[in-house]
Amino acid sequence: MTDQSLAQLSNLAIYSAMAVLTLAMLADAVYLARLVPAREAAREGVRDRELVPAGTVDGDVGDAASEGSADAAAGRAAEPLAARKAAGIGWTLTLLGTMLVVAGVVLRALEVHRWPLGNMYEFAVFGAMFVLLAYCGWVIRSERDLRWLGLFVVIPVLLNLGLAITVWYTDASELMPSLRSVWLAIHVTVATLSVAIFTIGFSLGVMYLIQDRLEAAPERPRSFMGRLPDARSLERLTYAVHIVAFPLWTFTVIAGAIWARQAWGSYWNWDPKEVWSFVIWVVYAAYLHARATTGWKRQNAVWIALVGYGCIIMNFAVVNVFFVGQHSYSGL
Amino acid sequence: MSAADTQTRPEVVQPRLGPVGWLRWTWRQLTSMRTALFLLLLLAIGAIPGSTFPQRSINPARTTAWITDHPTAGPLLDRLGFFEVYASPWFAAIYLLLFVSLIGCVLPRTKILWHQVRAAPPRAPRRLDRLAASREVTVDGAAAEVRERLHAALKKRRYRVHAHDDESLSAEKGYLREAGNLVFHVALIGVLIGVAWGHLLGWKGDVIVPVGKTFANTLSRYDTFSPGPWVDVNALDPFTIKVDRLDATFETKAKSPGQFGAPRDFEAFTTFTDAEGHSEPRSIRVNGPLETGAGSVFLLGNGYAPVITVRDAAGTVLYSDATPFLAQDNNYTSVGAVKVPGASPQQLGFAGFFLPTGQIDDAGPHSVFPDALDPQLALTAFEGDLFPSGRPQSVYSLDTAGMKPVPGKDGAAQLRILLRPGQTYELPGGRGSITFDKVERFAGLSIREDPGKGLTLAAALLMLAGLVCSLVIRRRRVFVRVRPGPEPGRTVVSVGGLAKDDDEGMPDEIEAVLSTLEGTR
């Protein structure tokens, strides 16, 4: 097969993935929308249960835990059929979309005969792949049902793919001499993975802040948010995701420094891209620090994490294009 | 307190702090987590101007141009250090305060951890059900025997276990969390020391070496050389590098504007001779520096060095050399100068362009492709005093302050010469001739030594390891209390867990410890 037809196939895979993911997004939205009445019903259910007189409990402390999980099981069972159907469709389509993005990346790699991380387009598509893979992997491995997260993962992925294919699209080409290194595969791959996980962390952080507002409101408005984990759990999930991404970003910066020494002669040059990588690192370090600081509100800490994600966007979308530096890419 | 209160109760006075008190207060403030957090955020903000404004250490020409273009803001920002952010006093103040804060935080914590590791885990609280996670079960077996089994179970789960009395156990694990956190912070200091070490004892120098020429590693041979303050510039390792060939490959297949002509590969084939005189062929590539053991040689630039010969009217060679012209754009439109101090009656100078694939049109002389497909040399000639001020000047440009243009043969004010390889131009008025013999390439070599890089890398990796430990490992305390059950032969076991920060896994952990008593409940 010629490289030209491979290129077309790769683009076709990405376009198909976008179509499939759009449908997945709709299904996920329907899922969350259909959950609202279910929450009301579940609330009623809980109230009924609470009316059962004490004394039927046999006194063993161990039952408390099993009761909790039974509650959760009851909650899941209370999801209406329509919501469960939508969740299933959304999940299946997300899996399909993920496979298509993976296919797009693999075809691109075959087409260019190198690691497919040589320009912004490839970086964006690779990042989308990692976000989807991380989400799917998490859903499959987790004991909890995390499909409520789907919508908030698919939306940034779609935005990213849309920009990639329109604004950042670059024809397949070889690399500049400074990019020809094994460190491309190490440094940029880990950077992409780290950014992908930060993306999920960002979505969770935003959801936490919304949930926290809703919980603080005197009268909780009816919304699907009522069906999602409470603010405390969302905050924990946000933190859990960030502590995976942060060491990966640390590694990215170290690997980048090693590569910079090989390619440019000095491991740190305060190139704009390096400056922003450093800023991102410091801001996320501040997030972890703020979370460990007694007397600092968790909300404020999460705000710092969101600022960190803003810096990531800045580093990718603005620094690459508008700032003069050594991190130049082939084409764009 | 309202104003009225102060009037009615004047005897209330604020406690006064002495100098030591103030010092202690300052230290406490500086080493508090809040201050550290503030400094961290300040560090992030402080680093940003270095990416938005051109930096003198990276691109001095752009910096000067920016200041000239902004006559009001330029000099002001310059005074505030915005063009040398990472060497500015305020940036240094932020990170030095941060490191002081860090040390002030790490020292007491190290002491605490040291004591904790050496001391036994604390005594079990009386009421374990008050802990964040706890369970109580009644099992078969005598209290002592049950306790023994739990002791073994905790040991197996890698807890440090200590029995303060006969009816309780105290266990703790996850010291590596705090240790990792401390290692992370100490390693940050290591990174700083490594960077400082490299700055003090490192050096870098750049030199342009045309193909066929040899570079000897002595101070005088460098075009630019910037040593650290503690470097002995006369003790450079006397190796030599002869550039035998330089291969450059450019994109010809991809036709899109951003791709066509983009560089693809550069490789310099050299003969390296070390200080002892052993020679061997070594190649230098981008991403593949030549490690000499006393400085690494990087191929950071390349370009063209046309071989130009200038003769006088009698045919005597006054100048003949591969003359590097510096590339100005991606297609290697290059500028340079030829200085002939030996010409008479007046010194001669030529300045102009070298074009690897030349095109001369309304846009002036420029190159349309980076490879030497149609090399051309477009020069103008000057005569007069080449070095009017006596100051050192760039070899790539002509200082025409003491010179006047050589007029053209057709009466034009300025003589313009266009040469292709092998061509010779007879200068008017018996001034001699200039010949463009052939095209050579040059290698832009940068030779650098950074003795701190090993320390920096080791510290950075240690930092990463410490970070992972401190984020992944959980610090947990588990307490056990046993007491005889209501019936003989039964024992009531309560297990409580305490984690350093919120730890969803604690109930599972307690469950796992209790599972060792499975079958006896």
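Residues numbered from 1 in each chain as written. Chains lettered and ligands numbered in written order. Predicted model: local features only at pLDDT ≥ 70, side-chain atom pairs only at ≥ 80, totals over all residues.

Comments concerning the overall build of chain B
Of regular secondary structure, chain B possesses 11 helices and 24 strands. In terms of overall size, chain B is more extended than a compact globule, its C-alpha atoms giving a radius of gyration of 37 Å where 521 residues would be expected to give roughly 24 Å. Overall, chain B is about 125 × 75 × 50 Å in size when its C-alpha atoms are taken along their principal axes. Residue burial in chain B is summarised as follows: out of 521 residues, 34% are buried. In chain B, of all internal contacts separated by at least 6 residues, the share reaching a separation of at least 24 is 62%. (Helix = DSSP H or I, 4+ residues; strand = E, 2+ residues; numbered from the N terminus. Rg over C-alpha atoms; globule rule 2.2 N^0.38 Å. Buried ≥ 20, exposed ≤ 12 C-beta atoms within 10 Å, placed from the backbone. Contact = placed C-beta atoms within 7 Å.)

Some thoughts on the domain arrangement of chain B
Considered domain by domain, chain B is made up of domain 1 (18-114), domain 2 (121-174 + 474-517) and domain 3 (203-449). One C-alpha centre belongs to domain 1 of chain B, the other to domain 3 of chain B, and the line joining them spans 41 Å. (Domains from an automatic or database assignment.)

So, the sheet that holds strand S2 (residues 160-162) of chain B
Residue and element names in this part refer to chain B. Judged by pairing direction, the sheet is antiparallel, and its 5 strands sit side by side in the order S1-S24-S23-S3-S2 without closing on themselves. Two strands close off the open sheet at either side, each with one partner strand: strand S1 (133-140) and S2. The mean inter-strand angle of the sheet, taken between neighbouring strand axes irrespective of direction, is 20 degrees. The sheet contacts of helix H8 (residues 143-156) involve S1, S2, strand S3 (168-173), strand S23 (476-484) and strand S24 (490-499), and relative to S23 the element is tilted by about 165 degrees. (Pairing = 2+ DSSP bridges. Axes fitted to C-alpha atoms, helices over the stretch in contact; angles between N-to-C directions.)

Regarding helix H11 (residues 506-514) of chain B
Residue and element names in this part refer to chain B. Taken together, the buried positions of H11 are occupied by Met506, Glu509, Ile510, Val513 and Leu514. Projected down its long axis, H11 shows its buried positions confined to an angular sector of 135 degrees, all on one face. Packing partners of the buried residues in H11 comprise S1, H8, S23 and S24. (Arc of directions from axis to C-beta.)

Here we look at the interface of chain B and chain A
At the interface, 45 residues of chain B touch 42 residues of chain A. Residue assignment for the side of chain B that touches chain A shows that the elements contributing at least two residues are helix H3 (33-47), helix H4 (49-52), S1, strand S8 (263-273), strand S11 (296-311), strand S22 (432-449) and helix H10 (453-472) of chain B. No other element matches the 9 residues that H3 of chain B contributes to the side of chain B that touches chain A. Its residues placed into classes, the side of chain B that touches chain A shows 27 nonpolar, 8 polar and 10 charged. (Nonpolar A, V, L, I, M, F, W, Y, C, P; charged D, E, K, R; others polar.)

Details of the sheet that holds strand S9 (residues 279-285) of chain B
All names here are of chain B. Across the sheet, which stays open at both edges, the 4 strands sit in the order S5-S7-S8-S9 with antiparallel pairing between neighbours. One side of each edge strand has no neighbouring strand; the edge strands of this open sheet are strand S5 (214-216) and S9. In this sheet, neighbouring strand axes are inclined to one another by 30 degrees on average, regardless of whether the strands run parallel or antiparallel. One ladder, built from 7 bridges, connects S8 with S9; its direction is antiparallel. Residue pairing for S9: Thr270 is matched across the bridge by Arg282.

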